[in-house]
Structure formats: C-alpha cells, structure tokens
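Descriptive structure summary
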Amino acid sequence: MSVRLVLAKGREKSLQRRHPWVFSGAVARMEGKASPGETVDIVSHQGAWLARAALSPASQIRARVWTFDPTESIDIDFFERRLQRAQQWRSEIAQRDGLDSYRLIAGESDGLPGITIDRFGQFLVLQLLSAGAEYQRPVLVSALQKLYPECSIYDRSDVAVRKKEGLPLTQGLVCGELPPELLSIEEHGMKLWVDIKSGHKTGYYLDQRDSRFASRRYAQDKRVLNCFSYTGGFAVSALLGNCREVISVDTSQEALDIARRNVELNQLDVSKAQFIRDDVFKLLRRYREQGETFDVIIMDPPKFVENKNQLAGACRGYKDINLLAFQLLNPGGVLLTFSCSGLMSGDLFQKIIADAAVDAGREVQFIEQFRQAADHPVNVAYPEGLYLKGFACRLI
Ligand code: SAH
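Let us now look at helix α6 (residues 233-240). The buried fraction of α6 amounts to seven of the eight residues, a majority that puts the element mostly inside the structure. Regarding α6, the residues found buried are Gly233, Phe234, Ala235, Val236, Ser237, Ala238 and Leu239. Just past α6, the residue Asn242 takes up positive phi, approximately 65°.

This next bit is on the site of the ligand. In the vicinity of the ligand there are 15 residues, among which Arg212, Phe228, Asp250, Val280 and Asp300 approach most closely. A distance of 3.1 Å is found between a nitrogen atom of the ligand and a backbone nitrogen or oxygen belonging to Phe228. A distance of 3.1 Å is found between a nitrogen atom of the ligand and a side-chain nitrogen or oxygen belonging to Asp279. Protein chains shield 89% of the accessible area of the ligand, which is 580 Å² for the free molecule. When its residues are assigned to classes, the shell around the ligand shows six nonpolar, four polar and five charged.

Let us now look at helix α2 (residues 76-97). An α-helical segment advances 3.6 residues per turn. Residues three or four places apart therefore align on the same side. Counted at 1.5 Å a residue, the expected span for α2 with its 22 residues is 32 Å, and the 31 Å between its end C-alpha atoms agrees. Within α2, burial applies to Phe78, Phe79, Glu80, Arg82, Leu83, Ala86, Gln87, Arg90, Ile93, Ala94 and Asp97. Those residues of α2 that are buried lie in contact with β6 (61-67), β7 (101-106), β8 (115-120) and α4 (137-147). Within two residues after α2, Gly98 carries a phi angle of roughly 65°, on the positive side.

Turning next to the nonpolar core. Inside soluble globular proteins, nonpolar side chains tend to come together where they are buried. Grouped together as the largest cluster of nonpolar side chains are 41 residues, with contacts concentrated most on Phe120, Ile196, Tyr204, Val246 and Leu336. Broken down by secondary-structure element, the contributors of at least two residues to this core are β9 (123-128), β12 (183-187), β13 (190-194), α6, α7 (253-265), β16 (273-277), β17 (294-299) and β18 (329-339). The greatest single-element share of this core, amounting to five residues, is contributed by α6. Residues in contact with Val246, not counting those within four places in the same chain, are Val224, Asn226, Ala235, Ala238, Leu239, Lys272, Ala273 and Gln274. Of all hydrophobic cores here, the second largest spans 35 residues; its members include Val249, Tyr287, Ile321 and Leu324.

Along the chain, the position of Ser211 falls in helix α5 (residues 209-215). Linking Ser211 and Ala325, residues 114 residues apart in sequence, is a C-alpha distance of 18 Å. Filtering out sequence-adjacent residues up to four positions away, Ser211 remains in contact with Phe234, Phe338, Phe370 and Arg371.

Geometrically, a packed helix pair is captured by the angle between its two axes and the distance between the axes. Remark: helix α8 (residues 280-290) packs on helix α9 (residues 311-328), axes separated minimally by 10 Å, with the N-to-C direction vectors making an angle of 30°. The angle between α8 and α9 falls in the class roughly parallel. Handedness of the α8/α9 crossing: left-handed. On α9, the residues touching Val280, Phe281, Leu284, Arg285, Tyr287 and Arg288 of α8 are Gly317, Asp320, Ile321, Leu323, Leu324, Gln327 and Leu328. In terms of residue class, the contact of α8 with α9 is built from eight nonpolar, two polar and three charged.

Each value, and the rule that gives it
Residue positions are given per chain, counted from 1 along the sequence in the order it is written. Residue-level local features of this predicted model are given only where pLDDT is at least 70; pairs of side-chain atoms are given and counted only at 80 or more, and the full residue set underlies all totals for whole chains, interfaces and linings. To obtain the side-chain values, all non-hydrogen atoms of the structure were used and water was disregarded. Three exposure classes are used, based on accessible area relative to the maximum for each residue type with a 1.4 Å probe and protein chains only: buried under 20%, partly exposed in between, and exposed over 50%. We count a stretch as a helix when DSSP gives it H or I for four or more residues in a row; a strand needs E for two or more, and each element gets its number in order from the N terminus. Here a residue is near a molecule or strand as soon as one of its heavy atoms is found within 4 Å of it. N or O atoms closer than or at 3.5 Å make up a polar contact, with two conditions inside protein: a donor-capable atom paired with an acceptor-capable one, and, for residues adjacent in sequence, both atoms drawn from side chains. Exposure was quantified through the Shrake-Rupley algorithm and a 1.4 Å probe, taking into account, for residues, occlusion by the shown protein chains and nothing else. Residue polarity is assigned by list, with Asp, Glu, Lys and Arg as charged and Ala, Val, Leu, Ile, Met, Phe, Trp, Tyr, Cys and Pro as nonpolar; anything else, Gly included, falls into the polar class. Expected helix span is given by 1.5 Å per residue-to-residue step, counting one fewer step than there are residues. Contacts are assigned to residue pairs with any non-hydrogen atoms lying within 4.5 Å of each other. In this description, a nonpolar core means a group of buried Ala, Val, Leu, Ile, Met, Phe, Trp, Tyr and Cys residues linked to one another through side-chain atoms lying within 4.5 Å. Interaxial angles span 0 to 180 degrees and are taken between N-to-C directions of axes, which are lines fitted to C-alpha atoms, for helices over the stretch in contact. Note on angle classes: values under 35 degrees are labelled roughly parallel, values over 145 roughly antiparallel, values of 65 to 115 roughly perpendicular, and the remainder oblique. What makes a crossing left-handed is the near helix being turned counterclockwise from the far one by less than a right angle; a clockwise turn instead makes it right-handed.

In short, shape yes, function no, at least from these values alone.
Set out below in structure tokens:
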C-alpha cells in the first residue's frame, strides 16, 4: 500500500481549492515510510483521498501536489502530458511574439511544483527546486529527451533554496552539447547574448520581456537611467526606442560587459550608451548631490525578500531607491519600477511607491501596470505564482 500523509482535522480546505502545497503544520501523521521526494497520497483526517504529492521531509512545505486525479500515476507519461500541455501555450506565444526563448515550465503554475525549465534556442535549462523535482529528475529528463530530441539539456540547479529541501547545489550538462560561452536569443525583434552556464538564474530574466518591450515607447529623445541593468535588455530597448542617451548601472562587471556587447549585437550606437559598475543605492545619492536629472528611470532590482522576516527591510529598500528616483526625474519624466519579490503584494508595492513619491515631495501619477510575461502564467489556485509587479509612474 502506498504511503499516506494524513492531514489534521479541517486542513483539507486549501487542497480542495487545488492549492498545491501541504504545510508541515497541516499534517497529523504519516502512515508508512518514504524517502525524500517520493510520491505519497494525501488524505483528509477522515481518510478521504485528496491528492498525490511529493514528500519534502526537510521543508516547511512538507508535500507538493503532482495531481488531484486519483487515477493519474506519476510516471513518464504524466511528465510528458504536463510538458505537452505547457508547450501548447508557449508555442502560441512564441509564434505570436517571434520568440525563440521562453519559460517552458513555470513550476506550480504548470502543475509541476519545484520545476523550472527555460528554453533558449536549442537549449533546455533545468532548475529543480524541491525534493520531489530532484527525485523525479531521471524521469523528467527522459520525458524531455523524448519530446525534444533536437535539444541539449543543461542543469542550473545551483540555487540556494535547494538547501531548504536538504539538497546540494548542482550544475552541468545533462545531455547533448555544452552551451556556448554566449548564445544569442531573439526577443521582440532584439537580439541578446545569454550566458547559460554562469549567468543569473538560468541565464536571462525572461520574465521582464514584455516590460522591456513596453519601455521602448517611453524612450524617444529621452535621457534614460537603467538601474540594475544586468545584461542591458532595457538599455537595448531604450536605444531601439531612439533614446538620446542610456546609462546602465549594475554591480556585476560580467553583466555590464555583456550589456555593451548586446548594444553592438543590435548594431545600435554605442556612443549613446554608458555602463557603470556601481551600487545603485550609492550612485543615486551621488547623482542627487551632483544635480543629475533624467527623463526616464528604470528600476528593476533583484529580489529583496526571501522570507517574511525580511519584508520590513525590503520595504525600506524599495522606498529608498524609488524616492531617490523620483527626485532625479525631470518634470514629465517617467519611472518604470518593479518588484520581483513574491512576498511583496502588488497592493503593498503600490503603497510603497506612493509613499516614496510623497516623501520625495513630488506629484506622481500611475500610468501603466506591468507583470511577468505570459510564458510565466499564474495558476488561479496558486496566487503566489504572481511574483513580478511593476508600475509606470509619471511626474506631473
Ligand atoms: N533589468 C534586468 C534584470 C535585473 S536583475 C533585465 O532586464 O535583464 C538584478 C540585477 O541587479 C543583477 O544584474 C544584479 O547584479 C544587480 N544588482 C544587485 N544589487 C545591486 C546593487 N546594489 N546595485 C547595482 N546592481 C545590483
């Protein structure tokens, strides 16, 4: 008989609403023995079958649901079905928007908790974040090899969250060819170099694709400051939108070097682009002292919040940089500001921006809203899937 996690009384509600997580506090007992990542049945206090899930003994999220269908077993066919379902939507977006790179699997939102797969041209980059995802690695890889015989697979499971699951960090070639030092991808008519092996995340921030595209419309003849530029996607967008000048700031010299090469790759005027290695918090203060001003500021910081204890500090951080940005904007200028911290709700982020505007002594309007691109869908049962929020704010 299969191993069962029996829930405490009344704790079946979230699963009945198809939320895919079982927290440790919701579990009354485990019947039978299972190793990390193995598939177990989740049953209510009364013994009613609820879901089939992967066990994460080391994590507060004790189990992640693979299926709510009692007839579905977790085997290669299951992974093939999930992959094909996800591919259908990505193929539509890829054709519609002329993409050769996209998020193929967005974890929980695609019914594959703990699994991220990004496609860059002929390379599939895997990130396995949970014990269940790791346990199923061979099966998942077999499914991928069957469905994508033309693709190479590279593992970038070198992410700190794996420690919460008791997993080591891993990275390397799974099958096919080793990715080149830089691979060029296409995004809304621009080309970009991506470093799969040592870039951030799986190599590139695909989730900001549509915001980068939208940002072009604000650039005409403008002086643009691109904070937290990484490899310069927003800088290339600004240049394609005919900006007068764009200054990109990041602490990573490797990222800035690629940013410069991305401007060249698109045959844009490098003399209009500057790349500054600095801490955004410090540089903005220095610009304020020097009386520098900008027409457009892009503020796309890394995740400031990993857990609830960091939320207050993160709020201060977001307020600080956005307040400084408002002070550096010319009248009529636009701030494009983002938060990719899942624990920061859209409402809270909006309040922080509003507070920053008031404290900066500026009158500001919200004029446009952004979110992660459509290849990062949000399952309605899993609102946590919406992690990236953004606003265009205009100084009156
Ligand atoms: N806007 C980028 C993605 C930004 S990711 C894009 O469209 O692709 C966040 C970036 O912030 C990373 O490149 C990281 O190196 C950089 N970073 C982190 N802390 C920083 C700081 N204090 N000052 C400047 N850059 C920082």
